[in-house]
Amino acid sequence: YAKASSPEFQEAQKRKFHEVCKESDIVITTAAIPGRPSPLLVEEYMVKDMKPGSVIVDLAAAGGGNCKLTKKGERYVTENGVTIIGFDNLPCLMPSQSSLMFAQNMQNLVRHIHGKDGAAALLTNIDKHLAAGEDGDIVTRSIVCCKNNQELVMPKPPNPTAVNKPKEEAPKAPKKETPAWQSALTSAIVMCAVLGLLCFMGTGIPVSLLSTFVLAGAAGYQVVWGVVPALHTPLMAVTNAISGLTAVGGLLLLNQVETEVAQDLAVAATLVSFVNIFGGFVVSLRLLNLFKRKGDKDYSKFFLLTAALLITVAITNASDREAVETLSGLLCIAAIGGLASMKTSNMGSILGVSGVATAVEVTFLSLDKSRVTGALILMGIGAVLGVLLGGTVSTIRLPQTVALFHSFVGLAAMLTSIGEFVENPVVGPSVQNIFGIAGNFIGGVTLTGSIIAFLKLDGRMSSAAWNLPCKNLINLVSLFTFFGLIYMFMTADSAEVATKMQWATAVLACWMGVHLVASVGGGDMPVCITVLNSYSGWALVAEGFMLNNAMLTIVGSLIGFSGAILTFIMCKAMNRDIFNVIFGGMNTVAPMKKDANAAPEVHSEIKPEQVAELLADAKEVMIIPGYGMAVARAQTQVATIATTCRENGVNVRFGIHPVAGRMPGQMNVLLAEASVPYDWVFEMDEVNDEMKDIDVCLVVGANDITNKSAQDVEGCPIYGMPVLKVWECKKTVFFKRSMKAGYADIPNPVFYYENTDMCLGNADKTCQEIANKVGEAFKSRQ
């Protein structure tokens, strides 16, 4: 009562008290503040709407009363038959109860003084507390009136509680804008660096292949930016499936192998690539089918005609096979373009299937007849494993599944790069050797980094970041060791030594993948997944240059840029430094210190049936889903609540934070699984400025993305991260298992705001109770 409430909160409080007064037979008010008038809680119009025969017992009558109509020291009946009791001498009127309470209080006071030492320590402790003066126990000094026949001075009473005015936010220092000339100079330097690198690559790479890489990269860059945020999860699934074209490298290696080691490497690379292709596309199609609304018709399968056309051309005209292979890469670019909207997303996935199918078929046509049977067997085994894996995985386990698929791409790229050199051991500097060892290194980092990400996301490994001593030095030494291995590989005087350098590079890359990803906290895993997605693309580019294959170069650059753009989006949404993520948590943020002397904050709890009443009285409702909703599998219940409210004229919308969940777009997928139409779902930037107009906001399993510390507490791990401003809503209800902090382990001050209530428990059960009650609440208002 000592805090100043906002006008919105006061209005909501009055509405709630009005409802309670209508339904209750007896209302007892107890809000008394020492040294101040009692706060007014029950207005005159509330009393008039109470049932005849109802009773109001105002225990705060001595301070003026909590009821507007209370008469101090009196009991009377209003015109509508409500009895109001305003006695200020209740202890005298209830002597038995008063004596019992007084005796209990005295017993507790005495126990407080002697403490755990028992009654024998009572007098000793009294002497000790009084001798300490102002530092002595305040309870002892308050109840002991005299000692040794001398009156003791009573401690000064506390000052009346002051009304806290709302804190005015201190004006933040304006951000320093980068001078225009500096931005232009930086951009020019970056462009010069890129052009210089391309010129260096042009000295050893055929011009046609280099131009294909540059144009495909530029086209892919533009196409990926057009993908709507809601489809970022399907985008990653589709690009992951396309990156399975490492199968082409495996098949080409399998077609030429003569050594047993190279053959084993080619078989393994081909097998895991086909697992990735079939599993990835099964997951992609499953995801996109979730976004279909009732009545939506899908004719995307007609685009399989593109694959039929290109495969027919390749079979009937051998001279056009190289052109067909390049066109298959362009189909993969078109597949990403199809994900730019919900209406064309299924078409995009089918175009991806067509592009990959065409590329694989053209590769099969180039194989020696003696190798075809073995390759078909590998494809069959990979297809079965991929379909089983992709068809049985639940949507909640999608992030870790994508991470696992990335490891297949990394493994295939690493094995193919090593196998290519084992089969063709030409020592010395060359384009093939440079990109061979690069593909080996990137593949190894992707392999083990993806496995660590999988283990963290699947709960099989602690999400806490590794913080080994001198971890930055470890990364630096590992990087320079890699450069040393490159030098030794290029200058090796024998194939045997060079091969050992390839294997040593693979081991080093696998170690770096483990350390780099394990050193990143679980909260940054969404960014790690997009980085690994980008790595898989660059591994494919290296393989394309190594094998002089335009199609692999096109697809690799597409996936590399796709992952890079998603990483940029995620880092911006989380206020993360991309280099900090790439280099394994290079700059570790110190944990927030807790004030040991701070008083415990008090939160307000609410029951599911009360939430249902709030929703029935609301006009504008916002639902903020988070990873906790996914864990509780509560999306279906939340969808039922939204549907019921919409059917009764309430405007319900879903607000999605870019990093809600464990990968981009995961919340959109879960809501689509629960049949929530995609036109009910909005991005954070679309709704954040409208929070002040929201009557009720339900935050289901989300914490860090609604944490006001991101705006107010400079130096905290999420400071600067854009968050949903749920504290601006008229009423906000958080659904959580407990009051514990979120994934980033940062306390959320919004939990303790006056307009915030906590609905604690399993979101699955609480949301189901609300779904059952909200319909009844609407009927009672008709």
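Bear in mind that the values here come from a model prediction, so they are computed numbers and not experimental data.

**As for the overall build of the protein chain**
Next up, step 1: Assigned secondary structure in the protein chain consists of 29 helices and twelve strands.
Next up, step 2: C-alpha extents for the protein chain along the principal axes are approximately 110 × 65 × 55 Å.
Next up, step 3: Here the protein chain holds 782 residues, and the buried ones make up 47% of them.
Next up, step 4: A sequence separation of at least 24 residues applies to 78% of the contacts in the protein chain between residues at least 6 apart.
Next up, step 5: Of the roughly 37800 Å² of accessible surface on the protein chain, 60% is carried by carbon and sulfur atoms.
Next up, step 6: Charge-centre separation for the protein chain: the mean point of 60 positive side chains lies 5 Å from the mean point of 66 negative side chains.

**Looking at helix 14 (residues 342-365)**
Next up, step 1: For helix 14, built from 24 residues, the straight-helix expectation of 34 Å at 1.5 Å per residue is met to within 8% by its first-to-last C-alpha distance of 36 Å.
Next up, step 2: Counting buried positions over the 24 residues of helix 14 gives 17, a clear majority of the element.

**Comments concerning the pairing of strand 10 (residues 696-700)**
Next up, step 1: In terms of burial, strand 10 is largely enclosed, as five of its five residues are buried.
Next up, step 2: Alternating residues of strand 10 divide into Val-696, Leu-698 and Val-700 and Cys-697 and Val-699, and every residue in both groups is buried.
Next up, step 3: With five bridges connecting them, strand 7 (residues 620-625) and strand 10 associate as parallel partners. Across the sheet, residue Val-621 finds its bridge partner in strand 10, namely Val-696.
Next up, step 4: When strand 10 meets strand 11 (residues 732-736), the two strands line up parallel, connected through four bridges.

**Some thoughts on the side chain of His-18**
Next up, step 1: Within the fold, His-18 resides in helix 1 (residues 7-23).
Next up, step 2: With near-sequence residues (within four places) excluded, His-18 lies in contact with Tyr-45, Met-46 and Asp-49.

**Notes on the packing of aromatic side chains**
Next up, step 1: Applying the stated criterion across every chain yields a total of twelve aromatic pairs.
Next up, step 2: Taking 5.5 Å as the distance between ring centres and 65 degrees as the angle between the ring planes, the aromatic pair formed by Phe-213 and Phe-545 counts as edge-to-face. A residue pair is termed long-range when its members are at least 10 positions apart, and Phe-213 in helix 8 (residues 207-225) and Phe-545 in helix 20 (residues 525-547) qualify at 332 residues.
Next up, step 3: Phe-545 sits in the buried class, given a relative accessible area of 3%.
Next up, step 4: Between Tyr-299 and Phe-302, the ring centres sit 6.2 Å apart and the planes meet at 5 degrees, which makes this aromatic pair stacked. Comparing Tyr-299 with Phe-302 shows no difference in burial state: the two are exposed.
Next up, step 5: Grouped by ring-pair contacts, the aromatic residues Phe-441, Phe-480, Phe-482 and Phe-483 constitute a single cluster.
Next up, step 6: Here the guanidinium or amino end of Arg-653 rests over the ring plane of Phe-682, the centre of that ring lying 6.0 Å away.

**Quick word on the packing of helix 10 (residues 246-254) against helix 20**
Next up, step 1: Here helix 10 crosses helix 20 at 30 degrees, and the two axes come no closer than 10 Å. Relative to helix 20, helix 10 is oriented so that their crossing is left-handed. On the side of helix 10, the interface is formed by Thr-246, Gly-249, Gly-250 and Leu-252, while helix 20 contributes Leu-540, Glu-543 and Leu-547.
Next up, step 2: Classifying every residue of the contact of helix 10 with helix 20 gives three nonpolar, three polar and one charged.

**Quick notes on a nonpolar patch on the surface**
Next up, step 1: Among the surface-exposed residues, Leu-473, Leu-476, Val-477, Phe-480 and Phe-483 lie close enough to one another that they form a single nonpolar patch of about 500 Å² accessible area.
Next up, step 2: Residue class for Phe-483 comes out partly exposed when judged on its relative accessible area of 43%.

**Some remarks on the sheet that holds strand 11**
Backbone hydrogen bonds hold the strands of a sheet together, and the pairing may be parallel or antiparallel.
Next up, step 1: Judged by pairing direction, the sheet is parallel, and its six strands sit side by side in the order 9-8-7-10-11-12 without closing on themselves. Of all the strands in the sheet, just strand 9 (681-683) and strand 12 (756-760) have a single pairing partner and so form its edges. Neighbouring strand axes in the sheet, compared pairwise and without regard to direction, differ in orientation by 25 degrees on average.
Next up, step 2: Bridge count for strand 11 against strand 12 is five bridges, and the pairing is parallel. Note on strand 12: the bridge partner recorded for Lys-736 is Leu-760.
Next up, step 3: The strands touched by helix 23 (residues 608-617) within the sheet are strand 7, strand 10, strand 11 and strand 12, with strand 10 carrying the most contacts at an inclination of about 140 degrees.
Next up, step 4: Against the sheet, helix 29 (residues 763-780) engages strand 10, strand 11 and strand 12, with an angle of about 135 degrees to strand 11.

**Considerations on the nonpolar core**
Next up, step 1: Ile-242, Leu-245, Val-356 and Val-555 are the most contacted members of the largest nonpolar core, which has 92 residues in total.
Next up, step 2: Val-555 has contacts with Ile-242, Leu-245, Gly-329, Cys-332 and Leu-540, leaving out every residue within four places of it along the chain.
Next up, step 3: Membership of the second largest hydrophobic core comes to 74 residues, among which are Leu-615, Val-638, Ala-639 and Phe-735.

**Digging into unusual backbone geometry**
Next up, step 1: Of note in this structure, Asn-148 is not a glycine but carries a positive phi near 55 degrees.
Next up, step 2: Tracing the backbone shows Asn-148 in the loop between strand 5 (146-147) and strand 6 (150-151).
Next up, step 3: The class of Asn-148 is exposed, set by a relative accessible area of 63%.
Next up, step 4: Look at Cys-470: it is not a glycine, yet its phi comes out positive at around 60 degrees.
Next up, step 5: As for its placement among the helices and strands, Cys-470 is situated in the loop between helix 17 (431-457) and helix 18 (471-490).
Next up, step 6: Using a relative accessible area of 54% as the deciding quantity, one classes Cys-470 as exposed.

**Remarks on the pattern of salt bridges**
Next up, step 1: This structure, assessed with the given rule, holds twelve salt bridges.
Next up, step 2: Close ionic contact of Glu-496 with Lys-500 constitutes a salt bridge, the shortest N to O distance being 3.9 Å. Within this pair, Glu-496 and its partner Lys-500 are both found in helix 19 (residues 495-518), separated by four residues, close to a single helical turn.
Next up, step 3: In this structure, Glu-690 engages Arg-653 in a salt bridge whose closest nitrogen and oxygen atoms are separated by 2.6 Å. Pair noted here: Glu-690 is in the loop between helix 27 (684-687) and strand 10 and Arg-653 is in strand 8 (residues 651-656), with a separation of 37 residues, a long-range link.
Next up, step 4: Relative accessible area serves as the criterion here: at 31%, Glu-690 is assigned to the partly exposed category.
Next up, step 5: Here the salt bridges do not stand alone but share partners, grouping Glu-620, Arg-653 and Glu-690 into one network.

**Remarks on the sheet that holds strand 4 (residues 83-85)**
Next up, step 1: Strand order in the open sheet formed by four strands is 1-2-4-3, with mixed pairing between adjacent strands. Strands at the two margins of the open sheet, each flanked by one partner only, are strand 1 (26-29) and strand 3 (75-77). Across this sheet, the average inter-strand angle for adjacent strands is 10 degrees, counted without regard to direction.
Next up, step 2: Where strand 2 (residues 55-58) meets strand 4, three bridges bridge the pair, whose relative direction is parallel. The partner of Val-57 across the bridge, within strand 4, is Ile-85.

Quick notes on the rules
- Counting starts from 1 at the beginning of each chain's written sequence and moves along it residue by residue.
- Where local features are concerned, this predicted model is filtered to residues with pLDDT of at least 70; where side-chain atom pairs are given and counted, the filter is 80 or more; whole-chain, interface and lining totals use all residues.
- Values shown for side chains rest on all heavy atoms present in the structure; no hydrogens or waters enter the calculation.
- Only DSSP runs of H or I with at least four residues qualify as helices, and only runs of E with at least two residues qualify as strands; both kinds are numbered from the N terminus onward.
- For every residue, the accessible area obtained with a 1.4 Å probe (protein chains only) is divided by the maximum for its type, and the residue is called buried under 20%, exposed over 50%, and partly exposed between those limits.
- Residues count as neighbours in contact if any of their non-hydrogen atoms are within 4.5 Å of one another.
- Working definition of accessibility: Shrake-Rupley area with a 1.4 Å probe, residue cover restricted to the visible protein chains.
- Positive charges are assigned to Lys and Arg, negative charges to Asp and Glu, while His and the chain termini are left out of the count.
- Positions of charges follow a simple convention, taking NZ of Lys, CZ of Arg, CG of Asp or CD of Glu.
- Expected helix span is taken as 1.5 Å per residue step, with the number of steps being one fewer than the number of residues.
- What makes two strands pair is DSSP finding at least two bridges between them.
- By convention, a stacked pair of Phe, Tyr or Trp rings (six-membered ring in the case of Trp) has centres within 6.5 Å and planes under 30 degrees apart, an edge-to-face pair has planes over 60 apart, and any other such pair is tilted.
- The criterion is that NZ of a Lys, or CZ of an Arg, lies within 6 Å of the ring centre and within 35 degrees of the ring normal, and then a charge sits over that ring.
- Helix axes are fitted to C-alpha atoms over the stretch in contact, other axes to C-alpha atoms as well, and angles between N-to-C directions run from 0 to 180 degrees.
- Crossing handedness is defined as follows: a turn of the near helix away from the far one that is anticlockwise and smaller than a right angle gives a left-handed crossing, while the clockwise case is right-handed.
- Amino acids are sorted into nonpolar (Ala, Val, Leu, Ile, Met, Phe, Trp, Tyr, Cys and Pro), charged (Asp, Glu, Lys and Arg) and polar (every other residue, Gly among them).
- Residues with no salt bridge and a relative accessible area higher than 30% make up the patches, which join like charges within 9 Å and nonpolar side chains (Val, Leu, Ile, Met, Phe, Trp, Tyr) within 5 Å.
- For salt bridges, the criterion is a side-chain nitrogen of Lys or Arg within 4 Å of an Asp or Glu carboxyl oxygen.
- Residues belong to one nonpolar core when they are buried, are Ala, Val, Leu, Ile, Met, Phe, Trp, Tyr or Cys, and are joined through side-chain atoms within 4.5 Å.

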